[in-house]
2 protein chains.
Amino acid sequence: MDGSIRPAAQKDRAAIKGILIRTRAFRPAEIKCALEVFDAGTLDRDSGYNVFVFIGDNAPLGYVCYGPTPLTEGTFDIYWIAVDPRFQHQGIGWRLLMWAEEAIAAAGGRLIILQTSSQSAYEAPRRLYRRSGYILEGTIANYYSPGDDMLIYTKSLQP
Amino acid sequence: MDGSIRPAAQKDRAAIKGILIRTRAFRPAEIKCALEVFDAGTLDRDSGYNVFVFIGDNAPLGYVCYGPTPLTEGTFDIYWIAVDPRFQHQGIGWRLLMWAEEAIAAAGGRLIILQTSSQSAYEAPRRLYRRSGYILEGTIANYYSPGDDMLIYTKSLQP
């Protein structure tokens, strides 16, 4: 999929909300939280949230949000990655992930944390993380709800 | 140590700040974050932060802060426990932990998460958690800084 990545803006909000809904991977409370973070990242440059969108076909087709992990030195969280299900399996998630990694490295990051769910709806992003060198470093059983574990992936960046 | 536990209030703020400083376990950014959470919990009842202080000798000697983990069903975080170093090893931390566990159970919680550091300054709380039935479920190497790991303790509450 041809396209480019640029900083997200409020004008992208409706498109991002549509993507989050169409993935069917997020519950309403998660979508609300994702949009609050999107708003913080696009309206308040001191929020610590950095949001970038992938533009293809003249529309946002996916986005990534990352930022420094509070109370750590050089650790960053990638909080959200989502790609429009109509455009998945075309490398957009991979390009967003690479973009975030390069930006984190440029900002002096040394460790990236990705938290995700064990549910089957998240198998595609889990595969992307594994292929991109992320290690499953911890599992918290029944974290999100009974039977839904939290998986913690990490990747150390080379200095 | 004789004493009682009650909801924290703004009048306790200076005492809590003094305790956080005297423990020598927290960096300035951590103390600032702890006090922001203390303020949220004592000023905004919808913050999701519940803060309780242990009162002995007519003064706060320790405190605990817990709350429901966002985007989970029935999982709670115990965010902070701190005891004045002049009154440690007298069961105050244990009483605060038991208090939080009972309150979490009463609120329908089924899983408690405690995140702490691998540094030696945190050995006393780690021992308390282990003795209280917490399991070390995950370790994220170099999370806080190079050489300073994050330990994730969990405890399942019986329904």
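Refer to the structure printed above.
Residues numbered from 1 in each chain as written. Chains lettered and ligands numbered in written order. Predicted model: local features only at pLDDT ≥ 70, side-chain atom pairs only at ≥ 80, totals over all residues.

Asks: Tell me about the overall build of chain A, and please be specific about residues and values.
Replies: From N to C terminus, chain A includes four helices and seven strands. Shown N-terminal to C-terminal, the secondary structure of chain A runs as helices and strands in the order β-α-α-β-β-β-α-β-α-β-β. Here chain A has a C-alpha radius of gyration of 15 Å; the compact-globule value for 159 residues is 15 Å, and the two agree. With the C-alpha coordinates aligned to their principal axes, the bounding extent of chain A is approximately 40 × 35 × 30 Å. Sorting the 159 residues of chain A into buried and exposed places 39% on the buried side. Counting only contacts in chain A whose residues sit at least 6 apart along the sequence, the fraction spanning at least 24 positions is 57%. (Helix = DSSP H or I, 4+ residues; strand = E, 2+ residues; numbered from the N terminus. Rg over C-alpha atoms; globule rule 2.2 N^0.38 Å. Buried ≥ 20, exposed ≤ 12 C-beta atoms within 10 Å, placed from the backbone. Contact = placed C-beta atoms within 7 Å.)

Asks: Any details on the packing of helix H1 (residues 13–23) of chain A against helix H2 (residues 28–43) of chain A? Residues and values, ideally.
Replies: Residues and elements named next belong to chain A. Two elements in contact, H1 and H2, have axes separated by 10 Å at closest approach and are oriented at 150°. As summarised for this structure, H1 and H2 are arranged roughly antiparallel, according to the angle between their axes. Judged by the twist between their axes, the crossing of H1 over H2 is right-handed. When H1 is examined against H2, the residues Arg-13, Ile-16, Lys-17, Leu-20 and Ile-21 are found in contact with a partner set consisting of Ile-31, Ala-34, Leu-35 and Phe-38. Residue classes in the contact of H1 with H2 are distributed as seven nonpolar, no polar and two charged. (Axes fitted to C-alpha atoms, helices over the stretch in contact; angles between N-to-C directions. Parallel < 35°, antiparallel > 145°, perpendicular 65-115°, else oblique. Left-handed = near helix turned anticlockwise from the far one by under 90°. Nonpolar A, V, L, I, M, F, W, Y, C, P; charged D, E, K, R; others polar.)

Asks: Residues and numbers for unusual backbone geometry, please.
Replies: Residue A:Asp57 is not a glycine yet carries a positive backbone phi of 55°. Along the chain, A:Asp57 falls in the loop between strand S2 (50–56) and strand S3 (59–68). Its 11 C-beta neighbours within 10 Å are what place A:Asp57 among the exposed residues. Even without being a glycine, B:Arg24 presents a positive backbone phi close to 60°.

Asks: I'd like a rundown of the relation of the copies chain A and chain B, residues and numbers included.
Replies: Expressed as a screw transformation, the operator carrying chain A onto chain B has a rotation angle of 180° and an axial translation of 0.0 Å, and the superposed copies differ by an RMSD of 0.0 Å. Classification of the inter-copy transformation places it as that of a two-fold axis. Residue A:Gly138 of chain A places its C-alpha closer to the rotation axis than any other residue of that unit, at 2.5 Å. The share of interface residues of chain A whose copies in chain B are also at the interface is 100%, consistent with both copies meeting through the same surface. (Least-squares fit on C-alpha atoms with pLDDT ≥ 70 in both.)

Asks: If you had to explain the interface of chain A and chain B to someone new, which residues and values would you point to?
Replies: In this complex, chain A contributes 19 residues to the contact, which on the side of chain B involves 19 residues. Top element by residues in the side of chain A that touches chain B is strand S6 (residues 135–145) of chain A. It accounts for eight residues.

Asks: Just give me the short version of the pairing of strand S7 (residues 148–156) of chain B, but keep the residues and values in it.
Replies: Residue and element names in this part refer to chain B. Taken together, the seven bridges between strand S5 (residues 111–117) and S7 define a ladder with antiparallel strand orientation. Residue pairing across strands places Gln-115 opposite Ile-152, the latter belonging to S7. As paired strands, strand S6 (residues 135–145) and S7 are joined by six bridges and run antiparallel to one another. Bridging across to S7, Ile-135 finds its partner in Thr-154. Counting the residues in the hairpin turn of S6 and S7 gives two residues, including Gly-147, whose phi is positive at 90°. (Pairing = 2+ DSSP bridges.)

Asks: Please set out the pairing of strand S5 (residues 111–117) of chain A residue by residue, giving values where relevant.
Replies: Residue and element names in this part refer to chain A. In terms of burial, S5 is largely enclosed, as six of its seven residues are buried. In this sheet, S5 lies alongside strand S4 (residues 75–83) in parallel orientation, the contact comprising three bridges. By the bridge assignment, Phe-76 is partnered in S5 with Ile-112. What joins S4 to S5 is helix H3 (residues 92–106), and the crossover it makes is right-handed. (Right-handed = clockwise from strand over helix to strand, strands pointing away.)

Asks: Quick rundown of helix H1 (residues 13–23) of chain B? Include the residues and the values.
Replies: All names here are of chain B. Within the sequence span of H1, burial applies to Ile-16, Ile-19 and Leu-20. Taken around the axis of H1, the buried residues stretch over an arc of 95°, which confines them to a single face. Facing away from the buried side of H1, by more than 90 degrees, are the exposed residues Ala-14 and Ile-21. In the core, the buried residues of H1 are packed alongside helix H2 (28–43), strand S3 (59–68) and strand S4 (75–83). With its phi angle positive at about 60°, Arg-24 sits one or two positions after the end of H1. (Arc of directions from axis to C-beta.)

Asks: Now, about the nonpolar core: what can you tell me, with residues and values included?
Replies: With 80 residues, the main nonpolar core has A:Tyr63, A:Val64, A:Cys65, B:Tyr63, B:Val64 and B:Cys65 as its most contacted residues. Residues contacting A:Val64, with those up to four places away along its chain left out, are A:Phe52, A:Ile78, A:Trp80, A:Ile81, A:Leu96, A:Leu97, A:Trp99 and A:Ala100. (Core = buried A, V, L, I, M, F, W, Y, C linked by C-beta atoms within 7 Å.)

In short, the description is geometric, and any link to function would need to be established separately.
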